[in-house]
Amino acid sequence: MPHMHLKFVNPLVLAAMVATIVPATAQIQRSMTVIDLINLPSISDPQIAPDGKHIVYVQAEANWKANKRISQIWRVNTDGSGPILLTSGNESATAPRWSPDGKTLAFVTKRGDDEANQVYLLPTDGGEARRLTKHETAVAELTWSPDGTLIYFVASDPKTTEEKVRDEAKDDVFAFDENFKQKHLWKVAVGEAAERQITKGGFSVIGYRLSPDGTTIAFHRAPTPLYGDADQGEVWVMGADGNRAVRLTTNSVTEGGAELSPDNSHILFVADSNETWESYYNDNIFLVPATGGETKMLTRDLPYEVTGATWSKDGKTIYFSANMGVHSELFALDLASGTSRQMTEGEHSLGGVTYRPALDRFVFTIDEPTNAGDVWTMTPSDKAPTQVSHAFDHLVREFKLPRQERIEWKGADGVTVEGLLFYPLDYQEGQRYPLCVQTHGGPAASDRFGFGRWQNYTQVLAAKGYAVVQPNYRGSTGYGDPFLRDMVGHYYKNSHLDVMAAVDHLIKIGIADPDRMVKMGWSGGGHMTNKIITFTDRFKAASSGAGAVNWISMYGQSDVRSYRTPWFGGTPWQKNAPIDLYWNHSPLKDIANAKTPTLILVGEQDVRVPPPQSIELYRALKTNGVATHLYVAPREPHGWQELRHELFKVNVELDWFEKYATKRPYVWEKAPGEDARK
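Since this is a predicted model, take the numbers as computed values, not measurements.

**Student:** Any chance you could explain the pattern of salt bridges here in plain terms?
**Tutor:** Pairs can form between side chains of opposite charge whenever their charged atoms are close. This structure, assessed with the given rule, holds 27 salt bridges. Where Arg-644 meets Glu-674, a salt bridge forms, and the shortest distance between an N and an O atom there is 2.8 Å. Here Arg-644 is found in helix H13 (residues 643-662), whereas its partner Glu-674 is found in the segment after H13, with 30 residues between them in sequence. With relative accessibility at 29%, the residue Arg-644 sits in the partly exposed group. The network of salt bridges with shared partners includes Arg-30, Asp-36 and Glu-398.

**Student:** Just checking my understanding: could you explain the sheet that holds strand S28 (residues 371-378) for this structure?
**Tutor:** Two orientations exist for strands paired in a sheet by backbone hydrogen bonds: parallel and antiparallel. Taken in spatial order, the four strands make up an open sheet running S26-S27-S28-S29, and their pairing is antiparallel. The sheet is open, and its two edges are formed by strand S26 (349-356) and strand S29 (386-387), each paired on a single side. Here six bridges tie S26 to strand S27 (residues 361-368), and the two strands are oriented antiparallel to one another. Bridge pairing in S27 places Leu-350 opposite Ile-366.

**Student:** It is not clear to me how unusual backbone geometry should be interpreted in this structure. Could you clarify?
**Tutor:** Most peptide bonds take the trans form, and the phi angle of most residues other than glycine is negative. The amide bond that connects Gly-442 to the next residue, Pro-443, takes the cis arrangement and shows omega of 0 degrees. By the secondary structure assignment, Pro-443 is in the loop between strand S33 (433-439) and helix H5 (458-463). Positive phi values are uncommon outside glycine, yet Asp-177 reaches one of about 65 degrees. Its location among the elements puts Asp-177 in the loop between helix H3 (161-168) and strand S12 (183-189). With phi around 65 degrees, Asn-264 is a residue other than glycine that occupies positive phi space. Position of Asn-264 relative to the elements: it lies in the loop between strand S18 (255-260) and strand S19 (266-273). For Asn-264, a relative accessible area of 19% puts it in the buried group.

**Student:** Sorry if this is basic, but what is going on with the pairing of S19 here?
**Tutor:** Every regular strand shows the same layout, with side chains that alternate between the two sheet faces. S19 sits mainly inside the fold: six of its eight residues count as buried. Relative to S19, S18 is paired through four bridges, and the arrangement is antiparallel. When the sheet's bridge partners are listed, Glu-259 is paired in S19 with Leu-268. Hairpin connection from S18 to S19: five residues lie between these consecutive antiparallel strands, with Asn-264 at a positive phi of about 65 degrees. Bridging between S19 and strand S20 (residues 279-289) involves seven bridges; their strand directions are antiparallel. What sits directly across from Ile-267, in S20, is Val-288. The hairpin formed by S19 and S20 contains five residues between the paired strands, and Trp-277 there has a positive phi angle of roughly 65 degrees.

**Student:** Hey, could you run me through H13 in this one?
**Tutor:** Residues separated by three or four positions in an α-helix point in the same direction, a consequence of the helix having 3.6 residues per turn. The first and last C-alpha atoms of H13 sit 27 Å apart over 20 residues, in line with the 28 Å expected at 1.5 Å per residue. Once H13 ends, the next one or two residues include Lys-663, with phi positive near 60 degrees.

**Student:** Explanation requested: the packing of helix H7 (residues 495-508) against helix H8 (residues 524-535) in the structure shown.
**Tutor:** Helix-helix packing: each pair is described by the crossing angle between the helix axes and the interaxial distance. The geometry of H7 relative to H8 is characterised by a closest axis approach of 10 Å and an angle of 75 degrees between their N-to-C directions. Viewed along their axes, H7 and H8 adopt a mutual orientation that is roughly perpendicular. Note on element contacts: H8 touches H7 through Met-528, Lys-531, Ile-532 and Phe-535, opposite Ser-495, His-496, Leu-497, Val-499 and Met-500.

**Student:** Please explain the pairing of strand S15 (residues 216-222) as it appears in this structure.
**Tutor:** Among the seven residues of S15, six are classified as buried, and the element is accordingly described as predominantly covered. For strand S14 (residues 204-210) and S15, the ladder comprises six bridges, and the chain directions are antiparallel. Its bridge partner lying in S15, Leu-210 is registered against Ile-217. Between S14 and S15, which pair antiparallel in sequence order, lie five residues; one of them, Gly-214, sits at a positive phi of approximately 80 degrees. Relative to strand S16 (residues 234-239), S15 runs antiparallel, the two sharing six bridges.

**Student:** What is the right way to read the packing of aromatic side chains from this model?
**Tutor:** Aromatic ring pairs are reported here in terms of the distance separating the ring centres and the angle at which the planes meet. Inspection of the entire model under this criterion finds 29 aromatic pairs. Seen in terms of ring centroids, Tyr-319 and Phe-362 are 4.8 Å apart; in terms of plane orientation they differ by 85 degrees. Their pairing is edge-to-face. Note that Tyr-319 is positioned in strand S23 (residues 317-323) and Phe-362 in strand S27, a separation of 43 residues in sequence. Assessed through its relative accessible area of 7%, Tyr-319 is described here as buried. For Phe-362, a relative accessible area of 1% translates into the label buried. Ring plane angle 75 degrees and centroid distance 5.0 Å describe the contact between Tyr-631 and Phe-648, whose orientation is recorded as edge-to-face. Taken together, the residues Tyr-631 in strand S38 (residues 628-633) and Phe-648 in helix H13 connect sequence positions 17 residues apart. An aromatic cluster of at least three residues, connected via ring pairs, comprises Tyr-280, Tyr-491, Tyr-492, Trp-551, Tyr-555, Tyr-563, Trp-567, Phe-568, Trp-573 and Tyr-582. One Lys or Arg, Arg-111, reaches over the ring of Tyr-120 and ends 5.5 Å from the middle of that ring. The ring of Tyr-423 is capped by Arg-403, whose NZ or CZ atom sits 3.8 Å from the centre of that ring.

**Student:** How do you make sense of the sheet that holds strand S21 (residues 296-297) when you look at a structure like this?
**Tutor:** With respect to topology, four strands assemble into an open sheet ordered S18-S19-S20-S21, the strand pairing being antiparallel. With one partner strand each, in any of the chains shown, S18 and S21 form the two edges of the open sheet.

**Student:** Sorry, what's going on with the nonpolar core here?
**Tutor:** One broad trend across soluble globular proteins is that nonpolar side chains are buried collectively. Formed by 51 residues in total, the largest nonpolar core has its most connected members in Val-34, Phe-451, Tyr-457, Leu-654 and Phe-657. Among the elements that take part in this core, H13 stands out by supplying nine residues, more than any other. Non-local contacts of Leu-654, meaning those with residues more than four positions away in its chain, are made with Val-34, Tyr-457, Val-460, Leu-461, Lys-464 and Tyr-666. In this structure, Ile-407, Leu-435, Met-487 and Phe-539 belong to the second largest nonpolar core, which totals 37 residues.

**Student:** Just checking my understanding: could you explain the environment of His-638 for this structure?
**Tutor:** As for its position among the elements, His-638 is in the loop between S38 and H13. Counting along the chain gives 32 residues from His-638 to Asp-606, while the straight-line C-alpha distance between them is 4.5 Å. Discounting residues that sit within four places of it in the chain, His-638 has contacts with Trp-522, Ser-523, Ala-546, Asp-606, Arg-608 and Val-609. Of note is the side chain of His-638, whose polar atom sits 2.8 Å from the side chain of Ser-523. Of note is the side chain of His-638, whose polar atom sits 2.7 Å from the side chain of Asp-606.

Conventions used here
Residues numbered from 1 in each chain as written. Predicted model: local features only at pLDDT ≥ 70, side-chain atom pairs only at ≥ 80, totals over all residues. Heavy atoms only, no water. Salt bridge = Lys/Arg side-chain N within 4 Å of Asp/Glu carboxyl O. Helix = DSSP H or I, 4+ residues; strand = E, 2+ residues; numbered from the N terminus. Buried < 20%, exposed > 50% of the residue type's maximum accessible area, 1.4 Å probe, protein only. Pairing = 2+ DSSP bridges. Expected span 1.5 Å × (residues − 1). Axes fitted to C-alpha atoms, helices over the stretch in contact; angles between N-to-C directions. Parallel < 35°, antiparallel > 145°, perpendicular 65-115°, else oblique. Contact = heavy atoms within 4.5 Å. Phe/Tyr/Trp six-rings, centres within 6.5 Å; stacked < 30°, edge-to-face > 60°. Lys NZ or Arg CZ within 6 Å of the ring centre and 35° of its normal. Core = buried A, V, L, I, M, F, W, Y, C linked by side-chain atoms within 4.5 Å. Polar contact = N/O pair within 3.5 Å; in protein donor to acceptor, adjacent residues only side chain to side chain.

Right, dumping it as structure tokens:
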């Protein structure tokens, strides 16, 4: 709003002016629309400057002309003042990293005639960014050397000349699961832009961290870059020049986040394992000598899921973030005593946690029910974090937002289960409302406090009078290993019963209308939807997003199998395979029981839960006379990314739910600049 310049006026006249101005400028809250949610920016990867005066972060914005989100880099003073956009263009700029002297910002983007993402350097005191690398393939995972002369990065091997010739001639038949290129570590000299490969051979570097003194690298080495082979990766250490590589672990679990201690004597890492290297546990912190030796688990008594860890400045403490079910927090683990201290507390979820040892300061995002993830900072001695960015302050002023609270209930076996309840806007106690049950993916994950995104559109549902429940059913992380491992040996033992117990609880306390209930979920949440529609006909409508229906065929179709094997105690193709267990837990086995009108959505390029699973479900429902449609989104992977596809997903689900559950007409929202579909 422009500044208003007032000359001297009579006080009575001024009072009258104020009386008319205030109502006009007061913000009138409105309900959020689907477009509002899709247009909601997201902030990630905050990085604090070496002098502590500035923070940069990546902000993604919806671009309807490009039909995608484009990320750019912003800078803000640590006190929250002076936010400024540093990059622009039609291509995303990501991964900002400060040089050790704070005078240069390295980042990744594609400009001009670049065929792949390259490293660019931007002077922090102003000026144009210049390209540093001319790598043949896309670069990622930037790290400055401590003296500022080098930047390390990871890149895939390029295609050979012969492969390029064959591609050009369309002579491009490929071997399935063998058509990958290994990923290796490189470095580039900042002065002369000379690139040098550090690792090479028949393996991939799937993560690395440079030691504080720049002499040593801890890294994760896997036989391929394929997601499904991550459990075959191990923790290694080597000199910064690539020599003297030593393997430190030998197991069959997935590790991550390997980082050298300040004195280079030990390496911490995180793995979803127990002390004897059995997989499918809440992630724990492990410690191994950098020269090799016995690995020690440090979080034996922690009942939560570790989501990231790093060394303190003096190496006496390990800071880590942990998923605690419906919220996540920052902790400090004292190595001498082995005790942990919780540093943050709130109805929120932390993201992008980074720590700069020289400043002894953290920076991270906090996702809250009224804030979609602004940047915050704190030191280990602070009682609470301090907000830095204010990109989302307007949300609570501009929009009516649903009340969000933690609820708990008893599962069928008496175990306490919790989840999140979103109240309808203008909720009145004693009145029953339509209920939307949303189940999270994973299933080794949990729904946590936060603003949410377009996928679940809780704000839109609440505006239409729905209550929304997100149960952290058995199999969720953050509640200890017995809770997580309830699925081991029997996927649908208590998980679906926990979901239905949540429904019964909300009916019992007078919030949910049992005659107006709908069910939805994506990925693991889609698996749950598929089970629920074969288990009960209490829901008036359902939406299954990228869900599995046949565990036998799913095992071979998906790009990952390692965490599916524990569910059923073996593969479906081994000798004496547990086929009965696979089939008995497949929703397809009981599909004849399904009566619920069910939408099915999947991405055409989904390799995690491939389209054949959705096709099996669709053909079974359609043949059995159950109302259904299968919608396949071209080009989309497991998580949809194109804006118009996202809008279609929400529109078609809301239309379906309103048709069958509330009997109300639904007007489809239109993309900006386009006519309404209905």
